[in-house]
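Structural features, examined
One-letter residues, chain by chain:
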Amino acid sequence: MKKMQVLFIVGPTASGKTSLALQLARSSNGEIISADSRQIYRVMDIGTGKEVSDDVVHHLIDIKNPDEEYTLSHFLSDAKKAISDIVAKGKLPIVVGGTGLYVQALVENWNVPDVQPDEEYRDALESKSTAELSDMLGQIDPLHAKELGGGRRYLIRALELHNATGKKPSELKKKSEPLYDALVLGVDMPRQELYKRIDDRVDKMFEDGLQEEVAGLLKKYPSDLKAFKTIGYQEFIDGKGDEKQRIKYATHAYARRQQTWLKRMSYIKWLDDTVMAQK
């Protein structure tokens, strides 16, 4: 059976991947599927950098409230359904986003166990530093701990999976034959240029009312939600001040982690005008 053709566009935050995806969707009769672990949440608009257009159909944006759980397993199920629906309409599915784990799992067809969150265990992990979490996972599954790097949310989820199943997270990450005929395009730019774009975006977020968005959310939801452990929100919640500059620095670091993750995906075809050429 012929595999469904799917276009993936990946890159660090502020690299321009969404703008490219919108252009390609218009020119190729496509619909966009978001692979962003935070843009799934309603009302979290400014801080997550949502960029949608009325003339293009978008999937997996604004599908959950901030207090609802959403895991990799949920994403894979939802994304596969969206791809099938788009193809059935004779259109091109375009998956775009910076959550490398989501993209990699979908391209490589991981079989991810549907383990429900353990809030008590998570609370215990939240009290630990990222370095401590990495050390904990390193004792259980060194290779997987190295792959996840400083991704705090992923470290906690990996430890949660191990706690529930007694198995190494890497053993649970089983791959099957890829489902799709996938073309994965990568976009990036020199780091200082990327930092400048990030800083300009953060400035605009503040102009657009990021602080007011956070205040409105905290009137409706408790401040300790997992969804709020997100750059652009946690800086207001932790009360340390200097939110704008801290958001910029945190986003710089996040972009570097995205670049590191994506470099491991050897099948990405980096566009000609990027500096991250294939080695």
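Please refer to the structure placed before this passage.
These lines cover the structure that appears in this document, whether it is placed above or below. Everything numeric here is computed off the predicted structure, so don't read it as measured data.

Scoring rules and cut-offs
Residues numbered from 1 in each chain as written. Predicted model: local features only at pLDDT ≥ 70, side-chain atom pairs only at ≥ 80, totals over all residues. Heavy atoms only, no water. Helix = DSSP H or I, 4+ residues; strand = E, 2+ residues; numbered from the N terminus. Rg over C-alpha atoms; globule rule 2.2 N^0.38 Å. Contact = heavy atoms within 4.5 Å. Areas by Shrake-Rupley, 256 points an atom, 1.4 Å probe, with all protein chains shown as cover. Lys, Arg positive; Asp, Glu negative; His and termini not counted. Charge placed at Lys NZ, Arg CZ, Asp CG, Glu CD. Axes fitted to C-alpha atoms, helices over the stretch in contact; angles between N-to-C directions. Parallel < 35°, antiparallel > 145°, perpendicular 65-115°, else oblique. Left-handed = near helix turned anticlockwise from the far one by under 90°. Nonpolar A, V, L, I, M, F, W, Y, C, P; charged D, E, K, R; others polar. Core = buried A, V, L, I, M, F, W, Y, C linked by side-chain atoms within 4.5 Å. Buried < 20%, exposed > 50% of the residue type's maximum accessible area, 1.4 Å probe, protein only. Phe/Tyr/Trp six-rings, centres within 6.5 Å; stacked < 30°, edge-to-face > 60°. Lys NZ or Arg CZ within 6 Å of the ring centre and 35° of its normal. Patch = residues over 30% accessible without salt bridge, like charges linked within 9 Å, V, L, I, M, F, W, Y side chains within 5 Å. Salt bridge = Lys/Arg side-chain N within 4 Å of Asp/Glu carboxyl O.

Before going further, it helps to examine the overall build of the chain. Looking only at helices and strands, one finds 12 helices and eight strands in the chain. Computed over the C-alpha atoms, the radius of gyration of the chain is 18 Å, within 12% of the 19 Å expected from 2.2 N^0.38 for a compact globule of 279 residues. At a minimum sequence separation of 6, the contacts of the chain that also span at least 24 residues come to 73%. As presented, the chain carries roughly 13900 Å² of accessible surface, and 49% of it is formed by carbon and sulfur atoms. Distance from the positive charge centre (42 side chains) to the negative charge centre (43 side chains) of the chain: 4 Å.

Quick look at the packing of helix H4 (residues 119-126) against helix H7 (residues 152-165) now. Close contact between H4 and H7 brings their axes to 10 Å; oriented N to C, the two are set at 135°. Judged on the interaxial angle alone, H7 and H4 are oblique. Considering only the axes of H4 and H7, their crossing is right-handed. Listed contacts from H7 to Tyr-121, Arg-122, Leu-125 and Glu-126 of H4 are Arg-152, Ile-156, Arg-157, Leu-159, Glu-160 and Asn-163. Among the residues forming the contact of H4 with H7, the class breakdown is four nonpolar, one polar and five charged.

This part is about the nonpolar core. Core analysis: the largest hydrophobic core is formed by 62 residues, its most contacted members being Phe-8, Leu-72, Phe-75 and Leu-106. With seven residues, helix H2 (residues 72-88) is the largest single contributor of residues to this core. Contact partners of Phe-75, with chain neighbours within four places excluded, come to Ser-34, Ala-35, Leu-60, Tyr-70, Tyr-102 and Leu-106. Core analysis: the next-biggest nonpolar cluster, separate from the first, contains 12 residues, Leu-20, Ala-21, Ala-25 and Ile-94 among them.

All right, on to the packing of aromatic side chains then. Per the counting criterion, the structure on display carries three aromatic pairs. A centroid spacing of 4.3 Å and a plane angle of 15° characterise the contact between Phe-75 and Tyr-102, whose relative ring orientation is stacked. Of this pair, Phe-75 sits in helix H2 while Tyr-102 sits in helix H3 (residues 100-108), placing them 27 residues apart in sequence. Classification of Phe-75 as buried rests on a relative accessible area of 1%. Residue class for Tyr-102 comes out buried when judged on its relative accessible area of 5%. Look at Phe-206 and Phe-236: their rings are 5.8 Å apart centre to centre, the planes differ by 35°, and that puts the pair in the tilted class. Linking Phe-206 in helix H9 (residues 191-208) with Phe-236 in helix H11 (residues 234-237), this pair joins segments that are 30 residues apart in sequence. Its end group placed over the ring of Trp-261, Arg-264 keeps NZ or CZ at 4.7 Å from the ring centre.

Residues Arg-191, Arg-256, Arg-257 and Lys-263 make up a contiguous surface patch of positive charge. It is helix H12 (residues 243-263) that contributes the most residues to the positive patch, three residues altogether. Of note, Arg-256 is situated in helix H12.

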